[in-house]
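# Structural overview for review
If you want the building blocks of each chain, they are given just below.
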Amino acid sequence: MRTNSQISALFGPGAATRLATARVLVVGAGGIGCELLKNLSVSGFHHIHAIDLDTIDLSNLNRQFLFQRKHIKKPKAHVATAAIKAFNPSLDTSAMQANIKDEQFDVDWFGQFALVFNALDNLEARRHVNAMCLAARVPLVESGTAGYLGQVTVIKGGETECFDCHPKPAEKRSFPVCTIRSTPTAPIHCIVWAKNYLFVQLFGEPLEEKGEVVEEVEAGQEEELKALKEESGALAALSEAMGGDDFAQRIFNKVFCHDIRRLLSMSDMWAQRQPPRVLDYDELENQACDPPADHSNLSMAQAFILFRESCHTLARRRLEGSPLAFDKDDQDTLDFVTATASLRSYAFFIDQKSPFEVKAMAGNIIPAIATTNAIVAGMMVTQGVLALAGRLDECHTAYLSYNTKRPRCVIRESLSKPSLLCPVCRRRYLTLRLADPAKTILGDLLDYIGCLEGDMTLGMSRDNISVVEGSRLLYDPDYDSNCSRSMQDLCLVPGKMVTFANEDDSDVVPVILSIARPLTKENSGLDILIEGFEYIPEFVPLPQQPLKEECSATAVDNNLIEFGKRSIDDVNEVFESPSKKHAFDSEDLVILD
Ligand SMILES: Nc1ncnc2c1ncn2[C@@H]1O[C@H](COP(=O)(O)OP(=O)(O)OP(=O)(O)O)[C@@H](O)[C@H]1O
Ligand SMILES: [Zn+2]
């Protein structure tokens, strides 16, 4: 536990009082959240509120050290805050098991905190908290980890980049169909073939629509694609043998003998490549072997046995019910993918992966590493202390990278200014309060906005305004049927955010009205009140197409936050992490420049 003088020595004069009086929110009490809560509790923070929608699972215990076996199924936020209170009984803690996106957490609710820490694991929730903190004008410390990689940054509306200043590319994971079906060269190609092609053809719904395999035909491959389609037809016909004793053998002979012989007959294809080998069912059947171990590679004989057994199990399940879907936690489906991917790797002379690694790759799992979470949570505290003191010029975006060549594993950058084109933070955030949402109609609100004058004018009126909530268009000059409906009827309740834009003049800053709790008696006589006019962001109208230079973000996955500025070299260095490699194996990365 830090004494006041230690806190002042570490964080500067006045820090002890500032930390002791600030009310802070921690969103997410998982891997990073537990470390962070523990850090906050011993760093001089006093009023700590935690929220998490989940309960504790056995799989959390290896790294979420505030939890013990006896806590399984209990709410994470409650157990975590109780645990830190045990470290420091003088703390004022509170906890909620809830989704941070719930409407009850409106702008007023966020506004009660001096600082928010995000310790989340998904983009959607991060985006939501980003927008709510902008609306409530509360600084946010954002974090993310993926394997050995981690990031921390500070977001303050109007002063720094926000979470949405750079577009986050959708997770991309696609492979050309001919690589997967005819010329695999990497373990991931065999895994995708087993999971997205063979498994789906035999036991599931049709495949390519699933998105991982794309019909990207290179010149001269049209013939090959046609042959592959015929091959798929033949495989579908084999499904009719499902349930029979020789089902596994027929599948094996088709995919590891017949199809490979057909490929070998195309000698041009192997001029520059190692040709595959045909596998022999009888030979493998006669080989004795030990049972497979989770962490070591399967021998060919072990893969064969697993293939045969999983084929029969899945055939039985498929005949008993509806199409099956691959699930990394469904052992039968995982066994099938592990075994067939291993056999295909043997056939194509590709490195083997252990069942454990196959599970990570097929399930696209990035291992969570306690040390990474701990380092990131430590950096969050130091950034949070600076943000709380308003010392944004001293705050940083910090990247934790894994690289044996670099002397330091933390790379720091000063915070960037908001992107002038950001569709989220380059907006005017105002708060709307109504005396009675059941009585005020949308038309009244439009008139009220049209009549605002002086410093409060928004440059909008019924003739040019468009009103949108989420993906719902509520009003534009050609669509006024909602004007006579009450705000309550339109579900415009506290917690909702409504965007008002001038349709005619793109130089007018769009306004986001956060609907907050109704007016109290203090404002009696008013029906509508809009607050927060002091801040007008510098505004540049959005172009039709986002400018390419603006997109300097890297995408790793939904688990890792992305903020511009890292060079591709840095990015490549960061990706030298072995854990990252096993999860993504090069084709899985999307790098925008
Ligand atoms: N919308 C949300 N509202 C509140 N909490 C959320 C929300 N989305 C995610 N979380 C919480 O954020 C935490 C993120 O922690 P972490 O990344 O360690 O995930 P985890 O679920 O604990 O671990 P794993 O996914 O590896 O099993 C989780 O506890 C999760 O419940
Ligand atoms: Zn922004």
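Here's a quick rundown of the structure. All values reported here derive from a predicted model rather than from experimental measurement. Numbers given for residues are sequential positions, taken from 1 along each chain in its written order. Chains and ligands are labelled sequentially in the order written, the chains with letters from A and the ligands with numbers from 1. Reporting of local features is limited, given that this is a predicted model, to residues whose pLDDT is at least 70; pairs of side-chain atoms are given and counted only at 80 or more, and all residues count toward the totals for whole chains, interfaces and linings. Computation of side-chain values: all heavy atoms of the structure, hydrogens and water removed.

## Comments concerning the nonpolar core
Ranked by internal contacts, the top residues of the largest apolar core, which has 55 residues, are Phe 203, Phe 247, Phe 252, Phe 307 and Phe 336. Going through the elements one at a time, α8 (187-203), α9 (222-238), α10 (247-264), α11 (281-285), α12 (300-320), α13 (331-347) and α14 (355-362) are the ones with two or more residues in this core. Secondary structure counts use DSSP, requiring at least four H or I residues in a row for a helix and at least two E residues in a row for a strand, with both numbered from the N terminus. With 12 residues, α8 is the single largest residue contributor to this core. Contacts: residue pairs with any heavy atoms within 4.5 Å of one another. Residues within four places of Phe 247 in sequence aside, it is in contact with Leu 202, Phe 203, Leu 238, Ser 239, Ala 241, Met 242, Cys 311, His 312 and Ala 315. If you look at the next biggest cluster of nonpolar residues, it comprises 46 residues, including Leu 37, Ala 119, Val 141 and Leu 386. Residues belong to a common nonpolar core when they are buried Ala, Val, Leu, Ile, Met, Phe, Trp, Tyr or Cys residues joined through side-chain atoms within 4.5 Å. Partly exposed residues are those whose accessible area sits between 20% and 50% of the maximum for their type, while under 20% is buried and over 50% is exposed, using a 1.4 Å probe and protein chains only.

## Section: a negative patch on the surface
Taken together, Asp 463, Asp 478, Asp 480, Glu 503, Asp 504, Asp 505 and Asp 507 make up a surface patch of like negative charges. Take Asp 478: it is sitting in the loop between β13 (472-475) and β14 (497-502). Residue Asp 478 is classed as exposed on the basis of its relative accessible area, which comes to 77%. In this analysis, a patch consists of residues with relative accessible area above 30% that form no salt bridge, clustered at 9 Å for like charges and at 5 Å for the nonpolar side chains Val, Leu, Ile, Met, Phe, Trp and Tyr. Surface accessibility in these figures is a Shrake-Rupley result with a 1.4 Å probe; residues are shielded only by whichever protein chains are displayed. Think of a salt bridge as a Lys or Arg side-chain nitrogen and an Asp or Glu carboxyl oxygen that are within 4 Å of each other. Counted as positive: Lys and Arg. Counted as negative: Asp and Glu, with His and the chain ends omitted from the count. The atom standing in for a charge is NZ when the residue is Lys, CZ when it is Arg, CG when it is Asp and CD when it is Glu.

## A look at unusual backbone geometry
Positive phi outside glycine occurs at Lys 73, with the angle close to 80°. Relative to the helices and strands, Lys 73 resides in the loop between β2 (47-51) and α4 (76-87). A positive phi angle is found at Phe 349, which is not glycine, with a value near 55°. Relative to the helices and strands, Phe 349 is located in the loop between α13 and α14.

## A look at the coordination of the zinc ion (ligand 2)
Listed donors are limited to N, O and S atoms within 2.8 Å of the metal, widened to 3.2 Å for Na, K and Ca; water is not among them, so incomplete-looking sites are possible. The protein atoms donating to the zinc ion (ligand 2) are Cys 162 (SG), Cys 165 (SG), Cys 422 (SG) and Cys 425 (SG), with metal-donor distances spanning 2.3 to 2.4 Å. Taken together, the 4 donor atoms surrounding the zinc ion (ligand 2) define angles of 98 to 119° at the centre, an arrangement classified as tetrahedral. Counting gaps between the donor residues of the zinc ion (ligand 2) yields the pattern C-x2-C-x256-C-x2-C. Within this pair, whereas Cys 165 is found in the loop between β6 (149-155) and β7 (175-176), its partner Cys 422 is found in the loop between β10 (410-414) and β11 (428-434), the two being separated by 257 residues in sequence. By relative accessible area, which is 5% here, Cys 165 ends up buried. Judged by relative accessible area, Cys 422 falls into the buried class, the value being 1%. In this scheme the shape depends on donor count and angles: four donors with every angle between 85 and 135 degrees give tetrahedral, four or six donors with opposite pairs above 155 degrees and others between 65 and 115 give square planar or octahedral in turn, and any other case is irregular.

## Let's talk about the site of ligand 1
Only a single heavy atom is needed: when it lies within 4 Å of a molecule or strand, its residue is near that molecule or strand. The immediate surroundings of ligand 1 are formed by 18 residues, with Gly 31, Asp 52, Arg 63, Lys 76 and Asn 99 found nearest. Contact between ligand 1 and Asp 52: an oxygen atom at 2.6 Å from a side-chain N or O atom of the residue. Definition of a polar contact: a pair of N or O atoms within 3.5 Å, with one able to donate and the other able to accept a hydrogen when the atoms are protein atoms, and with sequence-neighbouring residues admitted only if both atoms are side-chain atoms. One of the backbone N or O atoms of Leu 53 is found 3.3 Å from a nitrogen atom in ligand 1. Relative to its unbound accessible area of 620 Å², ligand 1 is 77% covered by the protein chains.

## Quick notes on the side chain of Gln 352
Mapping Gln 352 onto the fold places it in the loop between α13 and α14. For Gln 352, the side chain forms a polar contact with the main-chain oxygen of Ser 342, separated by 3.3 Å. Residues within four places of Gln 352 in sequence aside, it is in contact with Asn 297, Leu 298, Ser 342, Ser 345 and Tyr 346.

## Side note on the sheet that holds strand β4 (residues 115-118)
Spatially, the 8 strands line up as an open sheet ordered β3-β2-β1-β4-β5-β6-β9-β10, and their pairing is mixed. Strands at the two margins of the open sheet, each flanked by one partner only, are β3 (92-96) and β10. Within the sheet, the average angular offset between the axes of one strand and its neighbour, ignoring direction, is 15°. Pairing between strands requires that DSSP locate at least two bridges from one strand to the other. Where strand β1 (residues 23-27) meets β2, 5 bridges bridge the pair, whose relative direction is parallel. Counterpart to Val 27 in the pairing with β2 is Ile 51. Along the sheet, helix α15 (residues 370-388) contacts β4, β5 (140-146), β6, β9 (396-400) and β10; its crossing angle with β6, the most-contacted strand, is approximately 15°. Orientation is described by axes fitted as lines to C-alpha atoms, over the contacting stretch for helices, and by angles from 0 to 180 degrees between their N-to-C directions.

## Regarding the pairing of β1
Judged by how many residues are buried, β1 sits mostly within the fold: 4 of 5 residues are covered. In this fold, β1 hands off to helix α3 (residues 31-41), which returns the chain to β2; that crossover is right-handed. Relative to β4, β1 runs parallel, the two being bridged by 4 bridges. Within the sheet, the bridge partner assigned to Val 26 lies in β4 and is Phe 117. A right-handed crossover is one whose linking path, passing over the helix from the first strand to the second, runs clockwise when the strands point away from the viewer.

## Section: the layout of surface pockets
Empty pockets left among the atoms are what a rolling probe the size of a water molecule brings to light. Only protein atoms enter the calculation, which uses a 1 Å grid: trapped sets of points that fit a 1.4 Å probe without letting it out are cavities, open sets showing protein on both sides within 12 Å along at least five of seven lines are pockets, and any residue with an atom within 4 Å of a point is a lining residue. Grid points are joined across faces, edges and corners, and a volume is the space filled by probe spheres set on the points. Estimates place the volume of the second largest pocket at around 440 Å³. Forming the boundary of the second largest pocket are 20 residues, of which Arg 127, His 128, Ala 131, Gly 470 and Met 497 lie nearest the centre. When residues of the lining of the second largest pocket are traced back to their parent elements, those giving at least two are α6 (123-136), β12 (465-469) and β14. Here the lining of the second largest pocket takes 5 residues from α6, the largest share from any one element. The classification used treats Ala, Val, Leu, Ile, Met, Phe, Trp, Tyr, Cys and Pro as nonpolar, Asp, Glu, Lys and Arg as charged, and all other residues, Gly among them, as polar. Each residue belonging to the lining of the second largest pocket can be placed in one class, and the counts come to 9 nonpolar, 4 polar and 7 charged. Of the residues that make up the lining of the second largest pocket, three or more belong to each of domain 1 (4-170 + 367-414) and domain 3 (428-531). Each domain's limits were defined by an automated method or a database of domain assignments.

## Topic: the packing of α8 against α13
The geometry of α8 relative to α13 is characterised by a closest axis approach of 8 Å and an angle of 125° between their N-to-C directions. Classified by the angle their axes make, α8 and α13 are oblique. Here the hand of the crossing between α8 and α13 comes out right-handed. Listed contacts from α13 to Cys 190, Ile 191, Trp 193, Ala 194, Lys 195, Leu 198, Phe 199, Leu 202 and Phe 203 of α8 are Thr 333, Phe 336, Val 337, Thr 340, Ala 341, Arg 344 and Ser 345. Its residues assigned to classes, the contact of α8 with α13 comprises 11 nonpolar, 3 polar and 2 charged. Note on terminology: angles under 35 degrees are roughly parallel, angles over 145 are roughly antiparallel, angles of 65 to 115 are roughly perpendicular, and the others are oblique. Here a crossing is called left-handed whenever its near helix is offset anticlockwise from the far helix by less than a right angle, and right-handed whenever the offset is clockwise.

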